[in-house]
Amino acid sequence: MAAELEADPGPGKKRRVRGMLKLYYGINEGAREPLDPGDIDGAHFEPEFYLNKLRKECSLAELMEGEAEMVKHIRALDSDMQTLVYENYNKFISATDTIRKMKNDFKKMEDEMDCLATNMAAITEFSARISNTLQDQHQQITKLSGVHTLLRKLQFLFELPARLNKCIELEAYGQAVRYYSKARSVLHQYQHMPSFQGIQNDCQKIMFDLAQKLREKFRDAGSSAKELAECVELLLQLEEPAEELCDEFLAHAQSRLVEDLSALEAELGKPGPEPRPGQSPPTPLSDILEFTDKGCNGFISNMCLVIASYQDLFVHRPAAASGLGSRDVAQMASAKLVEFVNRLMGRYFALVERRIRAEKGVGDNSLLVRGLDRFHRRLQAVIKLLPASNIASEGTEIVVRAAKERIRQYLQALQSFYTDCLTDVRQSLAAPRLLGKDSANLAELLGTISASILNQIKSVLAYVHLFTAKDITFSNKPYFKGEFCSQGVREGLIVRFIKYICYTARQFCETAGEKGATPPGLLLLLSRLCLDYETSTISYILTLTDEQFLGQDHSPVTLVTVLCADAREAAQKLLNHYVKMQGLNVSQMLRKSVETRDWINTIEPRNVRAVMKRVVEDITSIDVQVGLLYEEGVRKAHSSDSSKRTFSVYSSSRQQARYAPSYTPSAPMDTNLLSNIQKLFSERIDIFSPVEFNKVSVLTGIIKISLKTFLECVRLRSFGRYGLQQIQVDCQYLQLYLWRFVSDENLVHFLLDEIVGSTAHRCLDPVTMEQIVIEVICERG
């Protein structure tokens, strides 16, 4: 019955097998497609149905084409099948050979396994037989083995003093300590027995002598680091006091480190008085990079070795190996090490700062920056070994202070360079007068000083930029990413130097006394320099600085507009002071010419006074000087007869024709009254008003001061007939030349009218000269 069931499986089993095949080949019954007997590629294709369908739906030509296409597909399939068979034929042959070979190998393996099973059974039987035979003697053998081991231990204990002496004689101190450590617990346990007590006493005496030898070696200055480490390790194993060993180790290390510090201090030398005449000068210091290398390769390297050795011996050793016994001892050792390192590193830092302060040169900064970089880089090794120390913060502070000091030195260098430039300009302005020339070329001097200052600023920025280079280790510190860029370089160096330029310029305006007076040419040049700074240079310098030093500091900085306003204010003050000085120089000549002459008893005028010619020459020279630096400026339209104006004795030029012919002895009261009334309605002239940044405005200011001085001097004098006529000639001469320098010619006309009118009011015999005679004298002059 069972055979029939196996031969004829039921439909359930067939369905299960079919389902497994469908699952293997990925056939999804849930997504079953509709049965199509006409689908030639489908599983339910029926040839008769397909042929009938073709005969009904297709023409003869289409049937022929379909046949040709089908033949083509059949041939392609045959070709693919043939290729597949050819490609896999060798594989089928190889598989057949492999299966045949496996049958042979497995048969041989079965024979060997049978043989092995037989041998194992024999071994098991023999082992059981031996166990049965020796079972009675097993306990006795175990007991004898234990006794043998104990006897060997006792033999080791009895021979221990001799072994220890032999090891010490051969200087195998480590082996001696290991022997003693191995037997110490046993001797301590059985010390109440007389025999063991004697052995213990002998061993303790030997180990005490060994400890003394180790301490002597430990204190020996010629011992190497490896020997020191070995001595400390052995002493710790001998249960010597850990705190005492820490102090001795640090004292021994300090002696060597102090030698390194003394060598550095000797290289720096002690600051002393200047050498006397005939005495040899002190030995020059080595460069900062060489000094840093000596300190790093000597002191810092030795300090790292000391820290690493100390930590391996006292801090990082396992308690079982070191015998320290508790975490408190490790903390004590760490605290001693931190205090020791901070103390010696403080001395080293003081020497480094002293060497940095000796770096006075303000040229190339690369050696200093490289030295600081190497110093900071080598400190990282100490910081990594001992994070609990304050080396990191102190080392960074040294670098920061060095950078700040360098900025201060560069600021002083820029200020000194600027002062030297001004001194050179003074000498250049004085040289033409000594050589008999008219004046120096202010435009060239301005270009030279501007280019020199700008190049010096660029050089200083390049030197300072080395502190923020990417290959410098401390450049990624917060100070150098933020405050150094904004408050150090921008504010502390560039902005302060610009403010110094403006401050120095304003100081020239406050110079008192003629002896220390500033040359007018220097005032004019500096005013143009400050104006150029306000116009473009300040913006360019600060933009260049901000591009090179992209700091991450958001603290407030000085705005460009504030500096530009400061520079413009300085330029305005300088130009006003220049106008005032030049006006006073011309006024001085006019004042002396009026005060030193006897105007009542003077002779009849035949020519223009020499001082008036000198005034015109000086004004012309000033016009040329100002024109070298400033633009022309705007003038009011001149009338066609500007040089032909005449002057009324009693009023302004607008009233000349009206009042001049009616002069009578009783006229002065009326004409004075009319003149005063005219002044009430005339435009007020501000003599010391601020000037604009152009040539016409500057010359107008100088001429106003000069003519106003001339007017006030005239008001303090009395005149005769010829004195009045001489003033007429002088004013006519000034009119011929001065009108072309000012922005409004009416200004010159008004002041000269006032001078002639004031002279007439103070004249004892006010008889004027004919206009045609005045013109002849002026043309001849």
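## So, the overall build of the chain
Thought 1: Along its length, the chain carries 26 helices and zero strands.
Thought 2: Here the chain holds 781 residues, and the buried ones make up 38% of them.
Thought 3: For the chain, the proportion of contacts with a sequence separation of at least 24, taken over those separated by at least 6, is 83%.
Thought 4: Within the structure as shown, the chain displays about 46200 Å² of accessible surface, and the carbon and sulfur contribution to it stands at 55%.

## Quick look at the environment of S555
Thought 1: Mapping S555 onto the fold places it in the loop between α18 (520-548) and α19 (560-595).
Thought 2: Put simply, S555 and Q487 are 68 residues apart on the chain and 8.0 Å apart in space, counted from C-alpha to C-alpha.
Thought 3: Sequence-distant contacts of S555, defined by excluding residues within four places in its chain, comprise S486 and Q487.

## Considerations on the pattern of salt bridges
Thought 1: Overall, the coordinates contain 30 salt bridges when judged by the stated rule.
Thought 2: Between R568 and E534 there is a salt bridge, with the nearest N and O atoms lying 3.3 Å from each other. A residue pair is termed long-range when its members are at least 10 positions apart, and R568 in helix α19 and E534 in helix α18 qualify at 34 residues.
Thought 3: Judged by relative accessible area, R568 falls into the partly exposed class, the value being 39%.

## Digging into the packing of aromatic side chains
Thought 1: In this structure the tally under the stated criterion is 20 aromatic pairs.
Thought 2: For the pair Y410 and Y463, a centre-to-centre distance of 5.9 Å together with 25 degrees between the ring planes defines the contact as stacked. With Y410 in helix α14 (residues 391-435) and Y463 in helix α15 (residues 442-465), the pair connects residues that are 53 residues apart, well separated along the chain.
Thought 3: Its relative accessible area of 1% is what places Y410 among the buried residues.

## Considering the confidence of the model for the chain
Thought 1: The pLDDT averaged across the chain works out to 79; a share of 81% of its residues lies at or above 70.
Thought 2: In the predicted structure, residues 1-9 sits below a pLDDT of 50 and forms one contact with residues beyond four places in sequence or in another chain.
Thought 3: Taken as a whole, residues 320-325 scores under 50 in pLDDT and shows nine contacts with residues more than four places along the chain or in a different chain.

## What to know about a negative patch on the surface
Thought 1: On the surface, E110, D111, E112 and D114 cluster together into a negatively charged patch.
Thought 2: With respect to the helices and strands, the residue E110 is situated in helix α4 (residues 60-134).

## A look at the packing of helix α10 (residues 288-315) against helix α13 (residues 366-385)
Thought 1: At a minimum axis separation of 10 Å, α10 and α13 run at an interaxial angle of 0 degrees. Relative to α13, the element α10 lies roughly parallel. Across from I288, L289, T292, D293, C296, N297, I300, S301, C304, I307, A308 and Q311 in α10, the residues of α13 making contact are L367, L368, R370, G371, R374, F375, R378, L379, A381, V382 and L385.

## Focus on helix α24 (residues 721-738)
Thought 1: Between its terminal C-alpha atoms α24 stretches 26 Å, which fits the 26 Å expected from 18 residues at 1.5 Å a residue.
Thought 2: For α24, the tally of buried residues reaches 15 of 18 residues, placing the bulk of the element in the interior.

## Observations regarding a nonpolar patch on the surface
Thought 1: A contiguous nonpolar surface patch, about 710 Å² in accessible area, is contributed by M102, F106, M109, M113, L116, M120 and I123.
Thought 2: Note that M102 resides in helix α4.

## Considering the nonpolar core
One broad rule of soluble globular proteins: the nonpolar side chains tend to lie buried together.
Thought 1: In terms of nonpolar packing, the biggest core is built from 186 residues, with F314, M345, Y348, F484 and F710 touching the most fellow members.
Thought 2: Here this core takes 15 residues from α14, the largest share from any one element.
Thought 3: Excluding residues that lie within four positions of it along the chain, Y348 makes contacts with L261, L264, G295, C296, F299, I300 and F375.

## Looking at the state of the cysteines
Thought 1: Per the stated rule, a full pass over the model turns up zero disulfides.
Thought 2: Here C296 stays free of any disulfide, with the sulfur of C304 as its closest cysteine sulfur at 9.5 Å.
Thought 3: A relative accessible area of 1% means that C296 is categorised as buried.
Thought 4: A disulfide-free cysteine, C564 has its sulfur positioned 9.3 Å from the sulfur of C502, the nearest such atom.

## Examining the environment of I407
Thought 1: Mapped onto the fold, I407 is located in helix α14.
Thought 2: The sequence separation of I407 and G488 amounts to 81 residues, and the corresponding C-alpha distance is 7.0 Å.
Thought 3: Apart from the residues lying within four places of it in its own chain, the contact partners of I407 are F484, G488, V489, G492 and L493.

## Overview of the packing of α15 against helix α17 (residues 483-508)
Thought 1: For the pair α15 and α17, the least separation of the axes is 12 Å and the interaxial angle reads 160 degrees. In terms of axis orientation, α15 runs roughly antiparallel to α17. Pair α15 / α17 crosses with right-handed handedness. In this structure, α15 uses I453, I457, V460, L461 and V464 to contact α17, whose residues at the interface are F484, V489, L493, I494 and F497.
Thought 2: Of the residues contributing to the contact of α15 with α17, the split by class is ten nonpolar, no polar and no charged.

## Side note on α13
Thought 1: Between its first and last C-alpha atoms α13 spans 30 Å; for 20 residues at 1.5 Å apiece the expected length is 28 Å, and the two agree.
Thought 2: Three or more residues of α13 are buried, namely L368, V369, G371, L372, D373, F375, H376, L379, V382 and I383.

## A closer look at the environment of A330
Thought 1: Note on placement: A330 falls in helix α12 (residues 327-357).
Thought 2: Note: C-alpha distance between A330 and F314 (16 residues apart in sequence) is 6.5 Å.
Thought 3: In contact with A330, not counting residues within four places along its chain, are F314 and V315.

Rules and cut-offs
Residues numbered from 1 in each chain as written. Predicted model: local features only at pLDDT ≥ 70, side-chain atom pairs only at ≥ 80, totals over all residues. Heavy atoms only, no water. Helix = DSSP H or I, 4+ residues; strand = E, 2+ residues; numbered from the N terminus. Buried < 20%, exposed > 50% of the residue type's maximum accessible area, 1.4 Å probe, protein only. Contact = heavy atoms within 4.5 Å. Areas by Shrake-Rupley, 256 points an atom, 1.4 Å probe, with all protein chains shown as cover. Salt bridge = Lys/Arg side-chain N within 4 Å of Asp/Glu carboxyl O. Phe/Tyr/Trp six-rings, centres within 6.5 Å; stacked < 30°, edge-to-face > 60°. pLDDT = per-residue confidence, 0-100. Patch = residues over 30% accessible without salt bridge, like charges linked within 9 Å, V, L, I, M, F, W, Y side chains within 5 Å. Lys, Arg positive; Asp, Glu negative; His and termini not counted. Charge placed at Lys NZ, Arg CZ, Asp CG, Glu CD. Axes fitted to C-alpha atoms, helices over the stretch in contact; angles between N-to-C directions. Parallel < 35°, antiparallel > 145°, perpendicular 65-115°, else oblique. Expected span 1.5 Å × (residues − 1). Core = buried A, V, L, I, M, F, W, Y, C linked by side-chain atoms within 4.5 Å. Disulfide = S-S within 2.5 Å. Left-handed = near helix turned anticlockwise from the far one by under 90°. Nonpolar A, V, L, I, M, F, W, Y, C, P; charged D, E, K, R; others polar.

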